[in-house]
Amino acid sequence: MYFSHTFVLITLPFFTAAIPRAGLPTSSGIAIPIAKRVSSSLVGPSRYASRVRNSIAKIKRGMTIYQRNTGVPHPLSGGIKMSRKRDKTGSVQLADDYPELWYGTISIGTPPKDFTVDFDTGSSDLFVPSKSCGSSCSGHNAYDPSASDTSRDLRKNFSLAYGDGSTVSGRQFADYVTVSGLVAKDQTLGAATQYSTGFETSQFPPDGLMGMGFKSISVYLANPPFQTLFSGGAVSSSMFGFKLAPNGSELFLGGVNSYLFKGPITWVPLSNESYWQASFDMITVTDTVTQLGFSFPVVGKTETIFDTGTTQILGDPVGINAFFAALSPSGAKPAPEYGDGIYTIVSTDSEA
């Protein structure tokens with residue numbers, strides 16, 4: 001499993017501002033504190049290979065939804081190939097797709113009830129456990145549509161499939177969703193009646209997930225919550241930003257937090273309104289061995305997807321080989337024993 005065309009899936013940097021429409025930066029907006037959950041277990045090669053497979057499966061799944069919703073293939077859909085080879089240790093729980101989560105609190109319904117959600121720019125749908133969910137949702141807060149004066153049954157079911165075959169399924173509703181005092185009225189959401197074992201609280205602390213991508217990759221074919229906030233006038237700017245750091249992390253809605261940076265922001269146009277996808281010019285490597293400090297490009301112009309729900313940097317085989325060859329005299333070596341698209345590189349101390 002690998003990217004056969006030149007593009008990269010990358011986790012978001014410490015601060016990223018995204019702007020779906022033309023506009024000027026602003027410091028007005030709402031800051032939402034977010035917390036980080038990091039897996040405490042060691043990650044060996046086989047488990048890491050499973051995470052890579054799940055990350056690519058997530059992107060491929062979104063591209064399939066994009067084609068269903070728009071009637072045309074996603075521009076990058078031809079660049080993903082999936083191996084049918086299973087992990088040597090067997091099936092991998094869904095939690096392996098979420099070794100690190102950034103989550104905060106939202107409210108749903110009238111009167112509002114609090115839920116914690118993973119804020120994920122690599123998907124576009126909101127779901128939380130339903131009151132009718134069984135033991136698989138134990139320990140999570142549950143949504144009860146009958147207890148909300150603003151809930152509306154959309155009479156549609158949903159199923160979200162993940163890379164290891166696990167699913168989240170349930171029924172679609174529309175209700176008020178409140179994020180730090182901002183209200184998205186009549187927001188489509190999923191009330192899950194079945195969670196996979198990977199959503200147990202020990203592995204997935206948030207109650208649910210809130211997608212922040214575009215409508216074109218929504219399983220519900222509905223506006224994601226932030227788009228609803230903007231179209232309904234709850235925020236005056238269609239920008240949001242993340243600060244992802246060991247302490248003081250936040251999601252900022254309706255602008256950018258000017259207290260978190262100095263100097264101008266470099267704005268990059270979107271390549272496609274599905275994921276937060278843009279082009280970068282090149283990847284360079286700086287020579288520190290000879291102390292001359294030369295920098296040289298190893299990967300040229302590349303399409304990039306920025307995803308807060310993914311911790312890996314993934315790329316095509318040609319680019320990955322070129323990058324590792326620039327770091328190590330022996331270059332990167334394929335490691336087929338762990339799966340297609342997995343490489344090892346010899347470091348100064350050991351093989352990583």
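Computed from a predicted model, the values in this text were never measured in an experiment.

### Quick word on the state of the cysteines
- Counted by the stated rule, this structure contains one disulfide.
- What pairs with Cys 133 in a disulfide is Cys 137, and their sulfur atoms sit 2.0 Å apart. An S-S torsion of about 70° defines the bridge between Cys 133 and Cys 137 as right-handed. The pair formed by Cys 133 and Cys 137 is uniform in burial state, with each residue classed as buried.

### Considerations on the pairing of strand β17 (residues 276-280)
- Note that strand β16 (residues 270-273) and β17 share three bridges and pair antiparallel. Note that in β17 the partner of Glu 273 across the bridge is Trp 276.
- What sits between β16 and β17 in their antiparallel hairpin is a turn of two residues.

### Describing the UniProt feature "active site" (unreviewed entry) in the protein
- Here, the residues flagged by UniProt with the feature "active site" (unreviewed entry) are Asp 120 and Asp 307. A stretch of 188 residues holds the annotated residues, and the largest C-alpha distance among them is 6.9 Å, short enough that they meet in one place.
- Residues contacting Asp 120, with those up to four places away along its chain left out, are Lys 58, Leu 209, Met 210, Gly 211, Met 212, Gly 213, Asp 307, Thr 308 and Gly 309.
- A distance of 3.0 Å separates the side chain of Asp 120 from the backbone nitrogen of Gly 122, its partner in a polar contact.
- Inspection of the secondary structure assignment puts Asp 307 in the loop between β20 (302-306) and α3 (317-327).
- Within the structure, Asp 307 has its side chain in polar contact with the backbone nitrogen of Gly 122 (distance 3.2 Å).

### Quick notes on the pattern of salt bridges
- Scanning the entire structure with this criterion turns up three salt bridges.
- In this structure, the salt-bridge partner of Asp 186 is Arg 152, at a minimum N-O distance of 2.8 Å. Of this pair, Asp 186 sits in strand β12 (residues 182-194) while Arg 152 sits in strand β10 (residues 152-161), placing them 34 residues apart in sequence.
- On the accessibility criterion, Asp 186 (41% relative accessible area) is partly exposed.
- The shortest N-O distance in the salt bridge between Asp 153 and Arg 171 comes to 3.0 Å.

### Concerning the nonpolar core
- Ile 106, Phe 119, Met 212, Leu 251 and Leu 253 are the most contacted members of the largest nonpolar core, which has 30 residues in total.
- Every element with two or more residues in this core is listed here: β7 (100-108), β8 (113-120), β9 (126-129), β11 (167-179), β12, α2 (225-231), β14 (240-243) and β15 (250-253).
- Residue contributions to this core peak at four residues, all from β12.
- Those residues in contact with Ile 106 that lie beyond four places of it in its chain are Lys 113, Asp 114, Phe 115, Val 117, Phe 119, Leu 126, Val 177, Thr 178, Val 179 and Met 210.
- Residues Phe 127, Phe 158, Leu 160 and Tyr 220 belong to the second largest nonpolar core, which totals 15 residues.

The rules behind the values
Residues numbered from 1 in each chain as written. Predicted model: local features only at pLDDT ≥ 70, side-chain atom pairs only at ≥ 80, totals over all residues. Heavy atoms only, no water. Disulfide = S-S within 2.5 Å. Buried < 20%, exposed > 50% of the residue type's maximum accessible area, 1.4 Å probe, protein only. Pairing = 2+ DSSP bridges. Helix = DSSP H or I, 4+ residues; strand = E, 2+ residues; numbered from the N terminus. UniProt positions renumbered as here; feature names shortened; annotations may be inferred. Contact = heavy atoms within 4.5 Å. Polar contact = N/O pair within 3.5 Å; in protein donor to acceptor, adjacent residues only side chain to side chain. Salt bridge = Lys/Arg side-chain N within 4 Å of Asp/Glu carboxyl O. Core = buried A, V, L, I, M, F, W, Y, C linked by side-chain atoms within 4.5 Å.

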